[in-house]
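Spelled out, the chains give:
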Amino acid sequence: MVHRFRTLLVPAVALAMAACAGNAELTDDGAPLARQLVQSDHCGLTAPGIVMITERSEVDRLKSLPASHLALEPLGKIDFATEYLLLVGMGQKPTSGYGVTLADSRIRDGQLEVDVSVRNPSKGAMLAQVLTTPCAVIAVSDEGWRSLKVSGEGYPTVTRDHP
């Protein structure tokens, strides 16, 4: 009887732990912690880093970025009572072929970790000789975290406190 109980208990505990681990990537409502809204080769941010946008009025200020071709319409539909926006920029690049996208997100020890994937031009590829400022705009949940870390292979680690 004890052996049968242990046989059932171990898989049940493992299943419960796996379910808890999966929830670390979702909000309490089951929504993703982060989702990419738009991406552009020309955002206008000449230095690499992130801009955290916490209010609708700040979205309008993005219109003033130099040489920006960022689609702002999807950004205006964000409910800033439950989400913030992250503008994740690679800085100025000398050619086409660069980009950044959301790869994954999770909350670990009170920190929202946002992993990004960086795209670099292929060696030997024919590229347009044009200055670009690639970026991605990512909506992140405002719940369950005290600090934020954005990182990825080929991207500098950037941290911020929860606003």
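Structure first, text after, so check above.
Below you will find a few notes about this structure. All values reported here derive from a predicted model rather than from experimental measurement.

Considerations on the nonpolar core
- By size, the foremost hydrophobic cluster in this structure holds 21 residues, and its most contacted members are Leu-86, Val-88, Val-114, Val-140, Leu-148 and Val-150.
- Listing elements by their share of this core, those giving two or more residues are β2 (48-53), β3 (83-90), β5 (111-119), β6 (135-141), β7 (147-152) and β8 (155-161).
- Take this core: its biggest share by element is four residues, from β3.
- Aside from chain neighbours lying at most four places away, what touches Val-150 is Ile-50, Leu-86, Val-88, Val-114, Val-116, Tyr-155, Pro-156, Thr-157 and Val-158.

A word on the pattern of salt bridges
- Summed over all chains, the structure comprises seven salt bridges.
- In this structure, Arg-106 engages Asp-115 in a salt bridge whose closest nitrogen and oxygen atoms are separated by 2.5 Å.
- For Arg-106, a relative accessible area of 14% gives the class buried.
- Salt-bridge contacts for Glu-113 lead to Arg-108; the nearest nitrogen and oxygen are separated by 3.5 Å.
- The exposure class assigned to Glu-113 is buried, which follows from its relative accessible area of 8%.
- The class of Arg-108 is partly exposed, set by a relative accessible area of 45%.
- Ionic contacts of the salt-bridge type, sharing partners, join the residues Asp-104, Arg-106, Arg-108, Glu-113 and Asp-115 into one network.

What counts, and where the lines are drawn
- Numbering of residues starts from 1 in every chain and runs along the sequence as written.
- This being a predicted model, a pLDDT of at least 70 is required before a residue's local features are given, and a value of 80 or more before pairs of side-chain atoms are given or counted; all residues contribute to the totals for chains, interfaces and linings.
- Heavy atoms from the whole structure form the basis of all side-chain values; hydrogens and water molecules are not counted.
- Nine residue types can take part in a nonpolar core, namely buried Ala, Val, Leu, Ile, Met, Phe, Trp, Tyr and Cys, and a core is a set of them joined through side-chain atoms within 4.5 Å.
- Each residue is placed in one exposure class: buried if its accessible area under a 1.4 Å probe, protein chains only, is under 20% of its type's maximum, exposed if it is over 50%, and partly exposed if it falls in between.
- A run of H or I in DSSP counts as a helix once it spans at least four residues, and a run of E counts as a strand once it spans at least two, with each numbered from the N terminus.
- By the convention used here, residues are in contact when the closest approach between their heavy atoms is within 4.5 Å.
- One side-chain nitrogen of Lys or Arg within 4 Å of one carboxyl oxygen of Asp or Glu is enough to make a salt bridge.

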